[in-house]
Amino acid sequence: MSFIKLQNVTKHYLNDADCVAALQDVTNSIDEGCFLGIMGPSGSGKSTLLSVLGGLTHPTSGQVIIDNIDIYQLTAEKLADFRREYLGFIFQSHNLIPYLSARENVLLPLAVANISAAEKLHLAEAILERVGLADRRLHLPHQLSGGEQERVAIARALVNQPPLLMADEPTGSLDSETSQQIMTLLSDLNRDGQTIVMVTHNSDNQKWFDQTIMLKDGQLIEKSVRADRYSKAM
Amino acid sequence: MRLEHIVFHHLKRCKGRAAFLVIGLLIGVSTVVTMLSLSDALGRKAQHELENFGANIVITPHNDQLELSYGGIQLGGVNLVSKEISETSLGKIDSIPNRRNVAAIAPKVLGVIQAGGRDVMLMGVDPGVEFNLKRWWSIDGRPVAQGRELVAGALVAQSLGLKLGDQLMIQNQQFEIVGVLSKTGSQDDQLLISPLQTAQNLLTKPGVVSLVEIAALCHDCPVDDMVKQLQTVLPDADVQAVQQVVKTRMHALDQFRLFAWGVAVTVILIGALLVFVTMMGSISERTREIGIYRAIGYRRSHVLRLILVEAGIVSAIAGVSGYLVGVLATVCGLPLLEGGHASWQWDPLLAAGAVIAAIIVGLLAAIQPALRASRLDPSEALRAL
């Protein structure tokens, strides 16, 4: 049973009088526990697809079904609840809140959760430990390196234990060594059962993905599944 | 961690903006507090001074005849007073609902006596009340205190050649002139003034009075209501408000208050505009941040709360500090305006009102920016995605 289903997803943007097709009739399905890579050249519609998958951009037509929920049939507030409960976002430029410490940034998704302060703190500390930032938890973002900021962003995306992690070019602004560390971290998470959808333009990252889809001019032109994907968990 | 923590951290980080907002509202609130405190203090002082001009309610024996005099000029007719007012009935004044507004009750008995070979008007008064009420009386000597003492009006003293310490024979009784009034330009210049009981004995009117003047403390007191209440308890007397004094007093105070409120509302509107513009600027700067909140699952109501709690905190700080600055300005300003005669009084209603009004104005001004923030499309706000 597919965890994510994209059915004929089309997204048009109105640019002045012109209608730009960012996505055209994209159909795909992703299993639970899969590490999906979305690749393609600049302007191919990768980020738009991630945005549509993440419940942030309504498609012009088509359906996005995650865990049997047609997410764009939800009201705006229910869709916000869905994002909070199902999705974790890692943004291209980390997008940490500059005046909050690493731990407070990680706590952000829990600020509106109905759990005790002690439990929130425990979850945040645990995930910071997991990404190797326990000793940097009280630092502000500008006091952290790019790789550390990225790991804070990953911790924030994971703190509410979402079934699906969405990452938009998480290694885009990092050097190769730090990129390797981040990809290893994501791969470890995936090995533990975390479903991940990641946008990247770097073909070197393809080796980490179970499934890769290639976009060009908003169309899905290629789909590949790694041969050893089903032996990964062993 | 709760949403409020984010607000506190944001305020801590953006101290400059927060200070700007606080100062903007503070100026508004302090101006309002200063204007209202000043108007209140000056109003009370004016009230006090006006009350020193004397009575504002007069009780006279019931009389069906129209008075045929104006400005002291008699135009004929005989003013026959059918009956006097019983002194004992004055106790009923204490039973009216607005008795707390009664500052002084000044009974008088009037009559004509022979003194120094001439007819002179004698007025018996309660010395403790009367001389306190008629603050404008300037006495050479002292007020009457006991039985056989008199204070002479300026014209009477001149006409009878009386001066301080002179003895005057009335009905074979010797009286001492203990005081001479300076000229007042009123009927008081033509009076001999004695203690009430002395006059009642001389005029053979024991236990009655000719008229009663009442000074009502009229800071918002309903004089017309008091007149009706007095008329009810004293059905055999005519009770009249000295309308001109009362209405002039009220009009002057109302004008001052109106002016103060006009300034207050204008300044508050400017403060609200400042909050609105600053919050709109803040929302524009925080578009990306709000996009993050929305992307990680904050509802519109959560974003709305973030903005409104921040506006509420800033407004509350501005309200409290604005009130304190306003009080300080009032305390410092009063001596300059009134030479230290008017005083500031703690008004809990104004204090609470200033803080609550600041919060309401701050929240109202922040509603539109907050709604705008809550309606931001997360993907549009983020752009990174």
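The structure we're discussing is the one just above.
Reading the values: the criteria
- Residues numbered from 1 in each chain as written.
- Chains lettered and ligands numbered in written order.
- Predicted model: local features only at pLDDT ≥ 70, side-chain atom pairs only at ≥ 80, totals over all residues.
- Heavy atoms only, no water.
- Helix = DSSP H or I, 4+ residues; strand = E, 2+ residues; numbered from the N terminus.
- Buried < 20%, exposed > 50% of the residue type's maximum accessible area, 1.4 Å probe, protein only.
- Polar contact = N/O pair within 3.5 Å; in protein donor to acceptor, adjacent residues only side chain to side chain.
- Contact = heavy atoms within 4.5 Å.
- Pairing = 2+ DSSP bridges.
- Axes fitted to C-alpha atoms, helices over the stretch in contact; angles between N-to-C directions.
- Salt bridge = Lys/Arg side-chain N within 4 Å of Asp/Glu carboxyl O.
- Buried area = accessible area lost by both parts, 1.4 Å probe.
- Nonpolar A, V, L, I, M, F, W, Y, C, P; charged D, E, K, R; others polar.
- Core = buried A, V, L, I, M, F, W, Y, C linked by side-chain atoms within 4.5 Å.
- Parallel < 35°, antiparallel > 145°, perpendicular 65-115°, else oblique.
- Left-handed = near helix turned anticlockwise from the far one by under 90°.

**A few points about the side chain of A:Ser51**
Piece 1. Tracing the backbone through its elements, the reader meets A:Ser51 in helix H1 (residues 46-53).
Piece 2. According to the relative accessible area criterion, A:Ser51 is buried, its value standing at 2%.
Piece 3. Only 2.5 Å separates the side chain of A:Ser51 from the side chain of A:Thr57, close enough to count as a polar contact.
Piece 4. If near-sequence neighbours (up to four positions away) are discounted, A:Ser51 is found in contact with A:Leu56, A:Thr57, A:Tyr72 and B:Ser379.

**As for the sheet that holds strand E5 (residues 69-70) of chain A**
Residue and element names in this part refer to chain A.
Piece 1. Here we have four strands laid out as an open sheet, ordered E2-E1-E4-E5, and antiparallel in their pairing. In this open sheet, the two strands that pair with only one neighbour each are strand E2 (18-30) and E5.
Piece 2. Where strand E1 (residues 4-15) and strand E4 (residues 61-66) come together, five bridges link them in antiparallel fashion. Its bridge partner lying in E4, Gln7 is registered against Gln63.
Piece 3. On the sheet, H1 packs against E1, E2 and E4 and is oriented at approximately 120 degrees with respect to E1.

**Observations concerning the pattern of salt bridges**
Piece 1. Inspection of the entire model under this criterion finds 18 salt bridges over all chains.
Piece 2. The partner of A:Arg130 in a salt bridge is A:Asp192, with the nearest N and O atoms 2.7 Å apart. Here A:Arg130 is found in helix H4 (residues 117-130), whereas its partner A:Asp192 is found in the loop between helix H6 (176-191) and strand E8 (195-199), with 62 residues between them in sequence.
Piece 3. Taking relative accessible area as the criterion, A:Arg130 reaches 37% and is therefore assigned partly exposed.
Piece 4. The class for A:Asp192 is exposed, based on a relative accessible area of 56%.
Piece 5. Across the pair B:Glu130 and B:Lys108 runs a salt bridge, and its minimum N-O distance is 2.8 Å. Of this pair, B:Glu130 sits in helix H3 (residues 127-133) while B:Lys108 is found in strand E5 (residues 102-115), placing the two residues 22 residues apart along the sequence. We note that B:Glu130, like B:Lys108, is buried.

**Structural notes on the interface of chain A and chain B**
Piece 1. The interface of chain A with chain B comprises 30 residues on the first partner and 27 residues on the second.
Piece 2. Carbon and sulfur atoms make up 62% of the area that chain A and chain B hide from each other, which totals about 2600 Å².
Piece 3. Of all residues in chain A, A:Leu56, A:Glu77 and A:Tyr99 bury the most surface against chain B, accounting for 25% of the area lost on that side.
Piece 4. Summed over the shared surface of chain A and chain B, the result is one salt bridge.
Piece 5. For the salt bridge of B:Arg299 with A:Asp81, the shortest nitrogen-to-oxygen distance reads 2.5 Å.
Piece 6. Counting every contact that joins chain A to chain B gives ten residue pairs in polar contact (both at pLDDT 80 or more).
Piece 7. Looking at the side of chain A that touches chain B, the elements with two or more residues in it are H1, helix H2 (76-86) and helix H3 (102-107) of chain A.
Piece 8. The element that contributes the greatest number of residues to the side of chain A that touches chain B is H2(A), accounting for six residues.
Piece 9. Of the residues contributing to the side of chain A that touches chain B, the split by class is 16 nonpolar, six polar and eight charged.

**A word on the nonpolar core**
Piece 1. Residues A:Leu186, A:Val197 and B:Tyr298 are the most contacted members of the largest nonpolar core, which totals 117 residues.
Piece 2. The dominant element in this core, judged by the number of residues it contributes, is helix H2 (residues 15-51) of chain B, at ten residues.
Piece 3. Once residues lying within four places of it in the same chain are set aside, the contact partners of A:Leu186 are A:Phe35, A:Ile90, A:Ile154, A:Leu165, A:Pro170, A:Ile196 and A:Met198.
Piece 4. Core analysis: the next-biggest nonpolar cluster, separate from the first, contains 41 residues, B:Leu162, B:Val209, B:Met226 and B:Val227 among them.

**A closer look at the packing of helix H5 (residues 146-158) of chain A against H6(A)**
All names here are of chain A.
Piece 1. At a minimum axis distance of 10 Å, the contact between H5 and H6 shows a crossing angle of 20 degrees. Put simply, H5 runs roughly parallel to H6. Crossing angle aside, the handedness with which H5 passes H6 is right-handed. For the pair formed by H5 and H6, the contact residues are Gly147, Glu150, Arg151, Ile154 and Leu158 on the first element and Thr178, Gln181, Ile182, Leu185, Leu186 and Leu189 on the second.
Piece 2. The class makeup of the residues in the contact of H5 with H6 is six nonpolar, three polar and two charged.

**Here we look at the sheet that holds strand E10 (residues 219-225) of chain A**
All names here are of chain A.
Piece 1. A sheet is described by the order of its strands in space; here six strands give the open sequence E6-E7-E8-E3-E9-E10, paired in mixed fashion. On the outer flanks of this sheet lie strand E6 (87-90) and E10, each paired with one strand and no other. Across the sheet, the mean angle separating the axes of adjacent strands is 15 degrees when strand polarity is ignored.
Piece 2. Here strand E7 (residues 164-168) pairs with E8 via five bridges, running parallel. In the sheet register, Leu164 faces E8, and the bridge partner there is Thr195.
Piece 3. Along the sheet, H2 makes contact with E6 and E7, crossing E6 at roughly 80 degrees.
Piece 4. Along the sheet, H5 makes contact with E6 and E7, crossing E6 at roughly 170 degrees.

In short, geometric facts, not functional conclusions.
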